[in-house]
Amino acid sequence: MRIDIKQPERFAAVFEIVTGTSLHRPISGIATDSRECKEGDLYIALTGERTDGHGYLPAVMEQGAAAALVSKKNKELNLQQIKVENPQFSIGKIAREWRRQFEIPVIGITGSNGKTSTKELLVHVLSTKYNVHATEGNFNTSVGLPLTLFQLNDSHTISILEMGANQAGDIEYLCSIAQPTHGLITNIAPAHLFGFGTIDVITETKSALFNSLKDGIAFVNMADERVASIPISGKKVMFGLTSDCDFPADIHHENNGSLTLTVDTHEIPTGSRNLSFVQNSIAVSAIAVSLGVDWENITIQISSFSPPEGRCQVKKFDEITVIDDTYNANLSSCLAALDYLKAFSGNGRRIFVFGDMFELGDASAEQHMKVGHKCTEIELDHVFTIGNDTKYTDSVLNSNINSAHFETPAELITKLKNSLHAGDKVLFKGSRGMAMEKIIEGVFLN
């Protein structure tokens, strides 16, 4: 990871406040990966399970790094090295001090599904009233979020921070750095079970966002029982597909298959068939109204929104419709994507190309089978699977579904090239590590 530092003097002042050390040279960027380190950068030497960033200190010096934050010095190098107990925690402390300079709304977003899509939609809507600072790419971790905060400057009037979690305590740590004033938990589902163990631990971890808002506002999804049950210490704004909340919502289908959303009596023709997107729109509407955006702008922005790459993007290749939902996968997002596939009208076949869902621990076999049962329930025409655990999906499909399991991407690509027809609707889904977007490229772009 790497970011540019636009205000080196201001950064140097904050750095010295936290570390007690003055930087010898101006800092033009921060890098945690030696391969991305540029001249004038501050290199953060992180120690992981497989690699130790301290081993790359000679390389970053050769690349022109201005300084390095380290837990152990290499005395043979002519490079300023600031020794701290833990470089990762120290860059978090520096980011916390940086964030304290700005008295603006800071919205934290976490959840098992829909964090990025909701964040991007919220940026799109709030940009009609605010100069928005927001998380970019995958900078939502204990390393990435501090780097995101360093890009916050005086021109910004609001910040939207995505917060990811892979283990217990992650969200509490991120909140201690970001100090959010508003918070949204999109939902709570069994994702990353390998790191958490149980859904109860996931709930406890995510609830740290609401716990941090003693003087702030929690936006509560009343349609999610686990989110709705979290105690709120500050102000609460409730939304959901129920009448008993501040922003009651309803969804209905148009004749063309698209979904129209009604929130607090305001009708929003979304033009989308994606139920997950429409559900995200309820949360975004509640936040936007609370922050002073008018309903007319909310309606215009929701109906004009294009999803980020790999998140239920609809693409056309000749006469074949591709639903690219390849960015990541867990059980609830897979079930939602399958409902999206089902909603497409027309006579073409509905086909699911499915790669493994990762980080599910002992629940992996059961959850992959649940995806298979969903495929049977919605009566798909074809299901093609690849990976280790999607074999469990394939094993529970009924005989009415034409299915096959593949060991290699090349075999799957060849099968798809030879079997797809005009009019087909094809959903591609799998965890990030499966790189399912490369299957799409192999079939349609090569």
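Counting of residues starts from 1 at the beginning of each chain's written sequence and follows it residue by residue. Residues qualify for local features only when their pLDDT is at least 70, as the model is predicted, and side-chain atom pairs are given and counted only at 80 or more; totals for whole chains, interfaces and linings, by contrast, use all residues. Side-chain calculation: all heavy atoms of the structure are included, whereas hydrogens and water are not.

## Focus: the nonpolar core
In this text, buried Ala, Val, Leu, Ile, Met, Phe, Trp, Tyr and Cys residues form a nonpolar core when linked through side-chain atoms within 4.5 Å. Summary of the burial criterion: residues with accessible area below 20% of their type's maximum are buried, those above 50% are exposed, and those between are partly exposed, where the area comes from a 1.4 Å probe applied to protein chains only. Counting 50 residues, the largest nonpolar core has Phe-11, Ile-30, Leu-42, Phe-150 and Phe-210 as the members making the most contacts within it. Helix and strand definitions here come from DSSP, where helices need a minimum of 4 consecutive H or I residues and strands a minimum of 2 consecutive E residues; each element is numbered from the N-terminal end. When residues of this core are traced back to their parent elements, those giving at least two are helix H1 (8-19), strand E3 (41-44), strand E4 (67-70), helix H3 (87-99), helix H5 (144-149), helix H6 (170-178), helix H9 (208-211) and strand E10 (217-221). Counting residues per element, this core draws most heavily on H6, at five residues. In this description, contact between two residues means that some pair of their heavy atoms is separated by no more than 4.5 Å. With residues up to four places along the chain from it excluded, the contact list for Phe-150 reads Ile-3, Ile-5, Phe-11, Ile-30, Ile-91, Ile-94, Ala-95 and Trp-98. Counting 37 residues, the second-largest nonpolar core is a separate cluster that includes Leu-122, Phe-219, Ile-282 and Leu-291.

## Concerning the packing of aromatic side chains
When the centres of two rings from Phe, Tyr and Trp lie within 6.5 Å, Trp using its six-membered ring, the rings pair. Their planes under 30 degrees apart give stacked, over 60 give edge-to-face, and anything left gives tilted. Under the defined criterion, the tally for this structure stands at ten aromatic pairs. Ring centres of Phe-11 and Phe-150 lie 5.3 Å apart, and the angle between their planes is 80°; this geometry places the pair in the edge-to-face category. Residue Phe-11 is located in helix H1, and its partner Phe-150 is located in the loop between H5 and strand E8 (158-162); the two are separated by 139 residues in the primary sequence. Exposure remark for Phe-150: the relative accessible area of 4% places this residue in the buried category. Aromatic rings pair up to connect Phe-11, Phe-15, Trp-98, Phe-102 and Phe-150 into one cluster. Two thresholds decide whether a charge sits over a ring: the Lys NZ or Arg CZ must be within 6 Å of the ring centre and within 35 degrees of the ring normal. Of note, Arg-10 hangs over the ring of Trp-98, and the distance from its end group to the ring centre comes to 5.5 Å.

## Observations regarding the pattern of salt bridges
Salt bridges are defined as contacts in which a side-chain nitrogen from Lys or Arg sits within 4 Å of a carboxyl oxygen from Asp or Glu. The tally for this structure, following the rule as stated, stands at 17 salt bridges. For Arg-226, the salt bridge goes to Asp-200, with nearest N and O atoms at 3.2 Å. Placement of the pair is Arg-226 in helix H10 (residues 225-228) and Asp-200 in helix H8 (residues 199-206), with a sequence separation of 26 residues. With a closest N to O distance of 2.8 Å, Glu-437 and Arg-432 form a salt bridge. The class of Arg-432 is partly exposed, set by a relative accessible area of 34%. Here the salt bridges share partners, and the residues they tie into one network are Arg-2, Asp-4 and Asp-41.

## Some thoughts on the environment of Gly-346
Positionally, Gly-346 belongs in the loop between helix H13 (331-342) and strand E17 (350-355). Sequence separation of Gly-346 and Gly-183 is 163 residues, and the distance between their C-alpha atoms is 40 Å.

## Concerning the packing of helix H4 (residues 115-126) against helix H11 (residues 275-290)
Viewed as axis vectors pointing N to C, H4 and H11 meet at an angle of 45°, and their least axial separation amounts to 9 Å. It follows from the interaxial angle that H4 and H11 lie oblique. Taken as a pair, H4 and H11 cross one another with a handedness that is right-handed. Residues Ser-117, Thr-118, Leu-121, Leu-122, Val-125 and Leu-126 of H4 form the contact with H11, whose participating residues are Phe-277, Asn-280, Ser-281, Val-284, Ile-287 and Ala-288. Looking at side-chain class alone, the contact of H4 with H11 contains eight nonpolar, four polar and no charged residues. Axis geometry follows a simple rule: fit a line to the C-alpha atoms, using only the stretch in contact for helices, then measure angles between N-to-C directions, giving values from 0 to 180 degrees. Here the angle decides the label: under 35 degrees means roughly parallel, over 145 means roughly antiparallel, 65 to 115 means roughly perpendicular, and every other value means oblique. For any pair of crossing helices, the crossing counts as left-handed if the nearer helix is rotated counterclockwise from the farther one by less than a right angle, and right-handed if it is rotated clockwise. Gly is put with the polar residues, along with every residue not named as nonpolar or charged; the nonpolar set is Ala, Val, Leu, Ile, Met, Phe, Trp, Tyr, Cys and Pro, and the charged set is Asp, Glu, Lys and Arg.

## Here we look at the sheet that holds E4
Read from one edge to the other, the open sheet built from five strands follows the order E1-E2-E3-E4-E5, with strand pairing classed as mixed. Two strands close off the open sheet at either side, each with one partner strand: strand E1 (2-4) and strand E5 (80-83). Direction aside, neighbouring strands of the sheet carry axes that sit 20° apart on average. Strand pairing is assigned whenever DSSP identifies at least 2 bridges connecting the two strands. Here E4 runs beside E5; their pairing, made up of four bridges, is parallel. Bridging across to E5, Leu-69 finds its partner in Ile-82.

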